[in-house]
Structures are given as C-alpha cells and as structure tokens.
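Structure at a glance
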Amino acid sequence: MPALPKDMVAIAIKTGASTRAQVTTPPRFKAGDKVVARNINPPTHTRLPRYIRGKRGVVQHNHGGFAFADTRAHGLGDQPHHVYSVRFEARELWGDGAAPRDAVYIDLWEPYIEPAA
Amino acid sequence: MNGIHDLGGMQGFGPIEREENEPVFHADWERRIFALLNLTIAAGQYHVDEIRHAIERMAPADYLMTPYYVHWLHAAEDLLDKKGVVTHAELEQRMAELAKKGGK
Amino acid sequence: MDEHSHTEPPSEPALRIRALESLLVEKGLVDPGAVDEIIELFEKRIGPRNGAKVVAHAWADPAYKKRLLEDGSKAIAELGFGGLQGEDMVVLENTPEVHNVVVCTLCSCYPWPTMGLPPNWYKAAPYRARVVIEPRKVLTEFGVDVSPDVEVRVWDSNAEIRYMVLPMRPAGTDGWSEEKLAGLVTRDAMIGTDIPKVKA
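All chains use their own residue numbering, which begins from 1 and follows the written sequence. All chains are assigned letters beginning at A, and all ligands numbers beginning at 1, according to the order in which they are written. Residues qualify for local features only when their pLDDT is at least 70, as the model is predicted, and side-chain atom pairs are given and counted only at 80 or more; totals for whole chains, interfaces and linings, by contrast, use all residues.

1. Let's talk about unusual backbone geometry
Both trends apply: most residues other than glycine have a negative phi, and most peptide bonds are in trans. Even without glycine at this site, A:Gln79 takes up a positive phi of about 35 degrees. Backbone geometry places C:Gln85, a non-glycine residue, at a positive phi of 65 degrees. Around each residue's C-beta, the other C-beta atoms within 10 Å are counted; 20 or more make the residue buried, 12 or fewer make it exposed, and counts in between make it partly exposed. All C-beta atoms are placed from the backbone. We classify C:Gln85 as buried; it has 23 C-beta atoms within 10 Å.

Spelled out as structure tokens, the structure:
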C-alpha cells in the first residue's frame with residue numbers, strides 16, 4: 001500500500017479501523033450466564049490477562065463480533081468471535097481482603113470462556 | 001504471552017506519578033514516532049495487534065525502564081525488520097550517516 | 001547501552017527515529033506532509049475538550065444522555081466526534097451507587113476521539129498494576145474518596161471497545177450553559193479518577 005497522503009490524514013483518523021466482524025456461529029453465551037475464564041497460557045499474543053484466568057464471572061452483554069486479536073497478531077487471520085462484557089467480583093479475583101461490592105469488568109472473546117458449573 | 005506487560009494485580013509499584021499540565025508529547029522524537037507508527041499502519045505494513053505483541057516481546061527490564069514511546073520505536077523497528085521493509089542493517093547505516101553529518 | 005532515566009531519554013531514540021523516518025520517506029511508505037498533519041491533529045485538535053462537550057450535552061439533555069448510554073459511538077458521532085481508537089465506544093454512568101474507573105492493564109488503550117492521547121500515568125506500570133486490585137486506594141491518591149456504600153467498577157479495556165466515564169453533574173449548576181458545564185469536566189473525570197466540582 002502506498003503512503004497515506006497528507007490530505008487523507010484527517011479522513012483516515014475520522015474513519016478509524018474498527019475490527020468489528022461478522023461471526024457465522026450463534027453466540028454460546030448471553031447476559032446472566034455464569035462463566036469461568038479458561039486457564040490458557042499461550043506463549044503467543046493473547047488479551048486474556050493472568051489475573052482473570054480460572055476466575056468465575058457473569059456475562060453482562062454481548063458486544064458483537066470482532067476480529068480475534070490472538071490470531072491476528074500472528075498473521076493467522078481475523079477469525080471473528082463474539083466478545084462479551086463479563087463482570088468479576090473483586091473478592092473472586094483477589095480474595096476476602098477486597099471490598100465486598102467492587103468488581104472488574106473485562107471484554108472476553110468467546111474462546112476465553114467456558115460455562116461455569 | 002505471560003509477559004511483563006500483563007501487569008494487572010502486580011504489587012510493589014509505588015505511587016502513581018503525575019505531571020501537572022503534561023504536554024501531549026514531551027519531545028520531538030515522541031511526536032515523530034507517534035506519526036510514523038500510525039502512518040505505517042495506514043500504509044498496510046502491520047496492524048495494532050502485531051504492534052502490541054512486538055512490544056510484549058521487549059526485554060522486561062527495558063519495558064519497565066524506557067519511556068512509553070520507546071516501546072513504539074521498538075515495535076516499528078522489530079516489525080519493519082521482520083517484514084524486510086527496513087532492516088536493522090539499513091537503519092544502523094542511516095544512523096551512522098546522520099551522526100556523521102553532526103545532527104542528533 | 002547506557003541506562004535510561006524515566007524522564008530524560010537518551011539521544012539515541014531521536015537519532016534512530018530520524019533515521020527511520022528518512023528511510024520510510026525514501027521508500028515511499030510515509031508522506032512527510034502526513035507526518036506533520038497527524039502530529040498537529042493530535043497535539044492541537046483532538047483532546048478531552050471533545051469528551052467534555054459530550055458530557056455537558058448529556059447533562060443538559062436527558063434524551064441525549066439516554067442515547068449516549070445505549071449506544072456510545074452513535075451518540076458521540078452526533079456531536080461530530082469519532083474514529084481511530086474510538087470506533088466502538090461504551091459510556092459508563094457514575095451514579096450515587098456506582099463509581100466507574102477505566103484502565104488498560106495490558107497496554108494503553110484509551111478513547112482517542114473524545115479524550116485525545118492518554119497521559120503518561122495511565123500508560124505506566126503503577127496505575128495499570130494497581131487500579132484493578134486496589135481501586136479505592138488509587139482513587140484516594142487522586143483525591144477521590146469513595147464511600148464503602150458505593151460500588152467501584154474497574155473497566156479493563158483489553159479488547160477493542162473503548163470506555164469513557166459520564167461523571168455525575170455537580171450540584172449548584174442549575175441553568176448553566178453547556179459551555180460552562182463543559183468547563184467543569186476534567187480529562188481525569190472521564191477516566192474516573194476525578195469528580196467534577198464547582199469551585200467555591
């Protein structure tokens with residue numbers, strides 16, 4: 001691709017580069033579902049932080065389909081998946097020392113989560 | 001990867017240092033690398049996921065000790081070299097030429 | 001290689017970047033005019049005053065506030081803002097029951113169209129490490145004391161959704177123009193590390 005010319009800069013910034021993408025399979029999860037973040041430890045790129053892995057949360061919302069960062073980073077294609085907003089209680093993440101009402105919300109691609117028992 | 005960038009929940013980091021009336025860019029080199037990385041993305045050389053992973057692969061001590069935009073420089077150099085677009089050798093040579101001319 | 005201090009970068013990045021820029025321009029990958037244009041855009045034109053306008057409009061217009069909370073990107077676009085690193089926005093409402101604060105623990109993701117580029121503290125290790133595990137302590141350091149009755153929600157922007165906080169409208173602002181209201185909205189208030197106040 002050629003260089004972006006000066007007079008196209010403002011338009012390009014305004015347009016952006018959304019990674020929203022169509023997912024061909026129906027969503028596995030819906031708001032209210034109890035899930036557990038998988039304990040994956042790939043040496044490659046992932047957007048599932050260690051502090052969430054193996055922890056139990058509740059799906060809040062399906063943001064829709066997005067290209068999967070884990071594959072995109074390695075030239076393995078967009079491989080879109082549903083991305084869910086998931087709530088994790090602070091005490092689930094950090095133990096009883098955490099404030100009882102507090103929570104972390106994080107966006108998880110479908111391959112990051114499994115149904116919780 | 002379980003890299004140094006995955007900081008959530010780590011302890012031992014001290015107070016959050018804030019600069020009053022912080023400028024958007026602290027130096028001209030920050031401006032330039034901000035522009036170059038974004039424009040090379042726009043030119044289709046790589047995208048943000050590759051950049052993030054390149055930064056994650058920095059040596060942990062370097063990641064923590066360098067100014068933020070040095071991470072961007074690392075990513076640009078690493079990816080452009082891997083893709084054969086601007087090799088490390090070319091860059092070193094150009095740096096030597098510029099240094100000789102007396103500019104910094 | 002010499003050790004770098006936190007605040008004073010060595011000359012080497014500057015030289016490396018000059019070399020890089022000259023090679024990229026020579027190879028036709030970067031237009032020098034575009035370099036200046038994109039710098040100007042983010043240094044002078046795009047910044048938290050955009051987000052402050054969004055907040056002020058939501059405070060003044062309940063119907064807009066409803067739209068903003070339902071579909072952040074769409075409502076923000078009504079005011080002419082949007083684009084790179086803000087293509088998919090969710091706006092988080094602070095209430096008497098809930099205080100929201102935003103972070104990117106893994107890197108530095110931040111909603112550029114409404115807030116410009118993030119400050120160094122947002123991108124550095126201490127905030128990213130600490131705010132998910134001890135948000136109340138972090139907020140206190142910022143001068144924000146959250147009552148134990150209030151729920152603190154920390155939003156980790158690890159995917160491509162970008163978050164912005166809609167702070168509560170302060171008391172004593174009845175009848176204020178949107179311009180005056182926007183003047184109360186700090187950048188930190190839209191991250192969640194500040195609360196708008198009317199100066200005494």
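2. Here we look at the environment of C:Tyr163
Residue and element names in this part refer to chain C. By definition, any uninterrupted DSSP run of H or I lasting at least four residues is a helix, any uninterrupted run of E lasting at least two residues is a strand, and each is numbered from the N terminus. Structurally, the position occupied by tyrosine 163 is in strand S4 (residues 162–166). A sequence separation of 82 residues divides tyrosine 163 from phenylalanine 81, and the C-alpha atoms of the two residues are 14 Å apart. When residues no more than four places from it in sequence are discounted, the contact partners of tyrosine 163 are Val90, Leu92, Val102, Pro111, Trp155 and Ser157. Residues are defined as contacting one another if the C-beta atoms placed from their backbone atoms lie within 7 Å.

3. A few points about the interface of chain B and chain C
Listed as interface residues are 47 residues of chain B and, on the opposing side, 43 residues of chain C. Put simply, the parts of the chain that give the side of chain B that touches chain C at least two residues each are helix H1 (28–42), helix H2 (48–56), helix H3 (60–65), helix H4 (68–82) and helix H5 (88–100) of chain B. Here the side of chain B that touches chain C gets 10 residues from one element, more than from any other, and that element is H1(B). As a working rule, the residues Ala, Val, Leu, Ile, Met, Phe, Trp, Tyr, Cys and Pro are called nonpolar, Asp, Glu, Lys and Arg charged, and the rest polar, with Gly in that last group. Of the residues that constitute the side of chain B that touches chain C, the class distribution is 28 nonpolar, 8 polar and 11 charged.

4. Brief notes about the sheet that holds strand S1 (residues 34–37) of chain A
Note: two strands are recorded as paired if DSSP finds a minimum of 2 bridges between them. The 7 strands are arranged S5(A)-S1(A)-S2(A)-S3(A)-S4(A)-S3(C)-S2(C) in an open sheet whose pairing can be described as mixed. Two strands bound the open sheet, and with one partner strand each, they are strand S5 (113–115) of chain A together with strand S2 (98–103) of chain C. Strand-to-strand twist across the sheet, computed as the mean angle between neighbouring axes with direction ignored, equals 35 degrees. Summarising the sheet, strand S3 (residues 81–89) of chain A and strand S4 (residues 103–109) of chain A pair through 7 bridges and their orientation is antiparallel. Looking at S4(A), one finds that A:Arg87 is bridged to A:Tyr105. Axis angles are defined between N-to-C directions and span 0 to 180 degrees, where every axis is a line fitted to C-alpha atoms and, for a helix, only to the segment in contact.

Geometric descriptors of this kind do not, in isolation, establish any biological role.
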